[in-house]
Amino acid sequence: MLGLDQFIAELNKSISMFLPETALVIAFLVALLLDLMFKKSKNLTGYTALIGFLVTGYFLFKQMNMQSTAFSNMFVIDQFGIFMKWVILLSSIGVVLISFFTNELYEKAKGVGEYFTLIIGMAFGMFLLVGSSNLIIIYLAIETMSLSSYVLAGYTKEVKRASEASLKYVIFGAVSSGIMIYGISILFGLTGSLNLFEINRFLAANPVNNFALFLSVIMILSGFGYKISAVPFHFWTPDVYEGAPVPITAYLSVASKAAGFAILLRFFKVTFLDSVPGNDSVWTLLGSIDWHFVIAILAVLSMTLGNLVALWQTNVKRILAYSSIAHAGYMLMAVSTMDDAGVASVLIYFFMYMVMNLGAFYVVALIANNIGSEEIDDYNGLGYRAPILGICMTLFLISLTGLPPTAGFIGKLYVFSAVVKAGYIWLAVVGVINSVISLFYYVKIFRNMYLNDVDSNKSKLTYSPASIVLLFVFAIPTLYLGIFFNDIVKWASYSANIFMGK
Amino acid sequence: MQGSIGFPILTWITFLPILGMLIVWLIPSGKDEETKKRSNMLIRWTSVGITFIQLILAVIIFLNYNNGMTGVNQQSGFQFIEKFTWIKASLPLIGNIHIEYFMGIDGISAPMVLLTAIICFVAVFPSFGIEKAVKGYFAMYLLLDTGMMGVFNSLDFFLFYVFWELMLLPMYFLIGIWGGPRKEYAAIKFFIYTLVGSVFMLLVMIGLYLSVGSFNMLDMMNPANFASDSIFGGFNTSIRYVAFIALFIGFAIKVPSVPFHTWLPDAHVEAPTPISVILAGVLLKMGTYGMLRIAFPIFPDAVGYFQGLIAWIGMISIVYGAFCALGQFKIGKRDLKKLIAYSSVSHMGYVMLGMASMRPEGIVGAIFQMFNHGIITAMLFMIVGVLYDRAHTRGLDEFGGMANKMPVYTGIMTIAFFAAIGLPGMSGFISEAMVFLGAFNTYPMLTMVSGLGIILGAAYMLWALQKVFFGQIPERWQGPWDPTGKKYKHDDINGRELTALIPLAVIVIFLGIMPNPIIDMMSASVNHFVEFMRPFVKIGGHLSGM
Amino acid sequence: MQESVPLNYYLILSAIFFVMGAVGVLTRRNAIIIFMSIEMMLNAVNLTFVSFSSYNSDPAGQMFVFFVMAVAAAEAAIGLAIVLALYRNQQTVYVDKVNLMKW
């Protein structure tokens, strides 16, 4: 046991490493208070959130090269986590900005004060999840982000679909987190610890019942799979994405997924990696269960089902929801390789996915502001009524398909090369076939925008110059990262380093 | 000094259209009818200007081209080289990455660059007829131009792939927005077919990269660069065969060879005239070019293994395409444009056959055939476009006696049709003769069967000529095309259309009499190519070099 | 000294509870009862934790239980609020009546 002095020293050190998260908590509290005090002001909490995120970004930047644990091995700071936290932070900023331009939020809900407050809360949950190395913290972090997101999904109370989405979300969420902690309890019983590092040490030293281990990990996977919306834990995704306000849909599809992937990767690497001295980039897994194959199956299911079902959808948000399931599949494909090249490619993919997906949802929001609909048939001729939106949407969609020279192509390139490198050529073939299938429904969107209703005499869409500036904030990186991806690849490769507690 | 001119000419020729696209973009579209008209004219003439400068650059390349240099797999043999590091990072965890901006041309690509510049220039003129969303049309047109030019210039696989995919989207929109009644179907079919081919190409590219450690095509052609334990290391492994097949299919879809050709008739029939011209004139060549540039030299062992199959595919394409074209005379489906589309399948079959021969004359013939077919089919499609613009139909049996109504037009058309048949004195004859000469040495039986294609070709072309131009003028075409005289003052072909057609006709006849300027460009490279492939492939007859 | 109840009994009991809860979630249509079933699942988990904790004599498991209880309370609060919002919108708490969106 630690002595008191040591304990205080450890605490001091931990708090100094916990500054980004602390900044988020303070921003959360400030936003809560400001919202109580200035009920009238429209976006005050939104600006608070932005400032809070910027401060968090500052502390995160100062941590750039740190690798350590805090709070007696409960929390880890490493390059991998920091990359994911940047993805989460940037998408949080993006989502707050998108929210400013989403009329639905201001028209269909009673004030947006709590809205931005809850976004900060959700961001805090994700930050915690990315760095957690203890099953208690994992559970608490998942619940922190989930509880905020349940409310956010149904935030536009006057929209019938929103409350329906919210209900479905909370039921599926509660069930899957229930299953997850049941798995955690079994893992706890098997190994006698809740700390991932200790579980790893225990598994390395002692044989355990394979079936029980498999069962518990599958159950835990249901919790993570729910967050990343991988098949078969995806049932909530389309409904929630369709019903929730657009910025929240975007947030769930990027940040929430990033946090889920972060913990999935960390959990697998930290728990099941057999430490091979000198060769860290190839993971040797403990036990006799073929986790590669289990994850690969999840990947194939997610890709195929997501893409095939998306073909029949008529609502753009729903199409993007199924596409996000499919994208989870592509990333799981890289996870299934279980090596550092796979981790790096997931990171690269996430960064690209963040930019293009936020952009696509933002266009959906801007269009909904004008025409009040997300149905694909209402998109007819929009390419001529709103040329800039049309061009940017096309760019985002071809990027989601994975065609060069866009960011999405670089993501796919790295994912496929990680998979080919690990020798799973069959998986890569399934992946590329899927990206051809995905073309069908992405094309459907810009086909309606450009090929239908060409000579429409309907009025042009209106949008403020500021909203176009924000659009370019997403569109330019989508193109730029497709051509000059040197730095992002370097950073991701440097960040593929998951701290192993030694 | 020949072979380079101290000016990044390949970059300019490739990216000039993108510059043009931006200019077109910035031209304000007018508010009322009058200013709208003016801005449309400005956009059109900007495109003419841009493509004309591109053509001049291509001519400069042609004049400065050093015929003696080889290329293919030696960097020193390439000309107008531009090589910069684009992406370079050494990454301990996921392996190094090195992508170059590497452009250069040799005898295989130089004729194609020239062809692309010519076709893109002449196809602007029929584009003047486009009235719908003019700005978008020319923006897409110029983007397509960049994509095609880039494919022929790049020597880095990654760069190649980027350009290869870059054309897809503009092509989709050009067919989909400005096409005929079934444009959506044709556009998506084109898109999907090409994408299926190219995603497998992507996997092969990744595999090659992991084996070689570079995206440089020339590095990939050197077996010594393959790590022995890598995916594509060694020779004659089944994975190499599979990879070759994947690449081959990716390119064959573009060619298109039977059985991957079904997108072509749809795309051609639905596409607007200038896009048909580009499609037939340049896009199809990218398939065969890709084989010569990438698939064959990187997997020479697999070429040796599948050589017979490639020749068979060539032969089947020739005969099958010709029969399909003849099928257009069946009652109920008589479409002149479809006839020409199928004749393209047939003519690209000669290219495949010539390449499969692996003899210098066969391959020179194949490349020359690519060039000639580009020019001739461009003419044919433009000619059909001229008629379609006036009559709004392409039905073969709806016409007759046009020779009386449009004498000049008939003259041009006769040149194009005779060139397509392969009449001596026209460029098509020389290339087809060379292909047969080469192929006969290696695959005598197949070549003899392929000869059937020439006879059938003559049959359907002459038949079509006779149907449209001779005999009685049908009742409905007796009067002038345009009684108001607003759009067409005379019944015959107009000046703008002649501007596009006459240079092509001149090229066809000139190269029919004097093929040397083009053939000399490629012979050194092709000889080197054959030398390089020789240890792996079957070469019939006695090889003496050219 | 009395013979203590073997660990397996606890585990089997909690597994039965868990499955009952899960079946309840799947079959019941009333949102309130679904939430009750979810509570049951969570309590089954708590039982497992407590029994493992006492079996391993490691207090961490019991600590986990407290967190689960707290989170369950929060989840119920949010869940019921959402049910309320839904009721105002659609005048029903039956999940099979809530079907604006289907795949």
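Not measured: the values here are computed from a predicted model.

Enquirer: What is the right way to read the overall build of chain B from this model?
Expert: In terms of helices and strands, chain B carries 20 helices and two strands. Against the 2.2 N^0.38 benchmark of 24 Å for 546 residues, chain B shows a C-alpha radius of gyration of 23 Å, consistent with a compact globule. For chain B, the spread of C-alpha atoms along the principal axes amounts to about 75 × 60 × 45 Å. Expressed as a percentage of its 546 residues, the buried residues of chain B come to 59%.

Enquirer: It is not clear to me how helix α10 (residues 263-270) of chain B should be interpreted in this structure. Could you clarify?
Expert: One turn of an α-helix holds 3.6 residues; hence residues three or four places apart share an orientation. Of all eight residues in α10(B), eight are buried; the element is thus mostly enclosed. Contact partners of the buried residues in α10(B): α6 (168-178), α7 (183-212), α11 (273-298) and α13 (336-357) of chain B.

Enquirer: Looking at this structure, I do not really get the interface of chain A and chain C. What am I missing?
Expert: Accessible area lost when the parts come together is the quantity often used to give the size of an interface. Between chain A and chain C, the contact holds 32 residues from the first and 33 residues from the second. Examining the composition of the side of chain A that touches chain C, we find that 16 residues originate from one element, helix α8 (residues 160-191) of chain A, more than from any other. Here the side of chain A that touches chain C is built from residues that sort into 17 nonpolar, eight polar and seven charged.

Enquirer: Just to check I follow, could you spell out the environment of Ser435(A) for this structure?
Expert: Looking at the element boundaries, Ser435(A) is found in helix α19 (residues 425-450). Beyond its immediate stretch of four places on either side in the chain, Ser435(A) contacts Thr401(A), Gly402(A), Lys412(A) and Val199(B).

Enquirer: Mind showing me how you'd approach the confidence of the model for chain A here?
Expert: Parts of the prediction with low pLDDT should not have their coordinates interpreted in detail. Looking at chain A, the pLDDT average stands at 90 and 96% of residues meet or exceed 70. For chain A, the element scoring lowest by mean pLDDT is strand β4 (residues 284-285) of chain A, at 68; helix α4 (residues 79-100) of chain A scores highest, at 95.

Enquirer: What exactly am I supposed to notice about the packing of helix α17 (residues 387-401) of chain A against helix α20 (residues 465-483) of chain A here?
Expert: In helix packing, the relevant descriptors are the interaxial angle and the interaxial distance, both defined with respect to the helix axes. Residues and elements named next belong to chain A. Put simply, α17 and α20 touch, their axes get as near as 10 Å, and they point 35° apart. Once α17 is placed against α20, the crossing between them reads as left-handed. Residues Ile388, Cys392, Leu395, Phe396 and Ser399 of α17 form the contact with α20, whose own contacting residues are Ile468, Leu471, Ala475, Thr478 and Leu479. Residues belonging to the contact of α17 with α20 are distributed by class as follows: eight nonpolar, two polar and no charged.

Enquirer: What is the right way to read the packing of helix α2 (residues 33-64) of chain B against helix α4 (residues 134-153) of chain B from this model?
Expert: All names here are of chain B. Where α2 meets α4, the closest approach of the two axes is 9 Å, and the angle between their N-to-C directions is 10°. The orientation of α2 with respect to α4, classified from their angle, is roughly parallel. On α4, the residues that touch Asn40, Ile43, Arg44, Ser47, Ile50 and Thr51 of α2 are Val134, Lys135, Phe138, Tyr141, Leu142 and Asp145. Residue classes in the contact of α2 with α4 are distributed as six nonpolar, three polar and three charged.

Enquirer: Hey, could you run me through the interface of chain B and chain A in this one?
Expert: The interface is formed by 32 residues belonging to chain B together with 29 residues belonging to chain A. The set of elements that each furnish at least two residues to the side of chain B that touches chain A consists of β1 (79-89), α5 (157-166), α6 and α7 of chain B. With 14 residues, the top contributor of residues to the side of chain B that touches chain A is α7(B). In the side of chain B that touches chain A, the residues fall into 26 nonpolar, three polar and three charged.

Enquirer: I'm lost on unusual backbone geometry in this one. Help?
Expert: The phi angle of most residues is negative, glycine excepted, and most peptide bonds adopt the trans form. Cis peptide bonds are those with omega within 30 degrees of zero, and the linkage from Val255(B) to Pro256(B) qualifies with -15°. Along the polypeptide, Pro256(B) turns up in the loop between α9 (238-254) and α10. Each neighbour pair has its own omega, and for Val258(B) with Pro259(B) the value is 5°, a cis peptide bond. Position of Pro259(B) relative to the elements: it lies in the loop between α9 and α10. In this model, Met338(A) sits at a positive phi of 55°, which is unusual for a non-glycine residue. For Met338(A), the location among the structural elements is in the loop between α14 (316-337) and α15 (340-371). Despite not being glycine, Asn236(B) has its phi angle at roughly 55°, a positive value. The residue Asn236(B) is located in the loop between α8 (217-220) and α9 in this model. On the basis of neighbour counts, which here come to 11 C-beta atoms within 10 Å, the residue Asn236(B) falls in the exposed class.

Thresholds applied
Position numbers for residues start from 1 in each chain and track the written sequence from start to end. Following the order in which they are written, the chains are lettered starting with A and the ligands numbered starting with 1. Local features in this predicted model are restricted to residues whose pLDDT is 70 or higher, and side-chain atom pairs enter the listing and the counts only when it is 80 or higher, whereas totals over whole chains, interfaces and linings include all residues. A run of H or I in DSSP becomes a helix once it reaches four residues, and a run of E becomes a strand once it reaches two; helices and strands are each numbered from the N terminus. Our radius of gyration looks at C-alpha atoms and nothing else; its globule reference is 2.2 Å times the residue count to the power 0.38. Working definition of burial: number of other C-beta atoms within 10 Å of the residue's own, with buried at 20 or more, exposed at 12 or fewer, and partly exposed in between, all C-beta atoms being placed from the backbone. For the purpose of contact definition, each residue receives a C-beta atom placed from its backbone, and two residues are in contact when these atoms lie within 7 Å. Classes in brief: Ala, Val, Leu, Ile, Met, Phe, Trp, Tyr, Cys and Pro nonpolar; Asp, Glu, Lys and Arg charged; the others, Gly included, polar. pLDDT is a residue-level measure of predictor confidence that goes from 0 to 100. Here an axis means a line fitted to C-alpha atoms, over the contact stretch when the element is a helix, while the angle between two N-to-C directions is reported on a 0 to 180 degree scale. For any helix crossing, the convention is left-handed if the near helix is rotated counterclockwise from the far helix by under a right angle, and right-handed if that rotation is clockwise. Roughly parallel here means an angle under 35 degrees, roughly antiparallel means over 145, roughly perpendicular means 65 to 115, and every remaining angle is called oblique.

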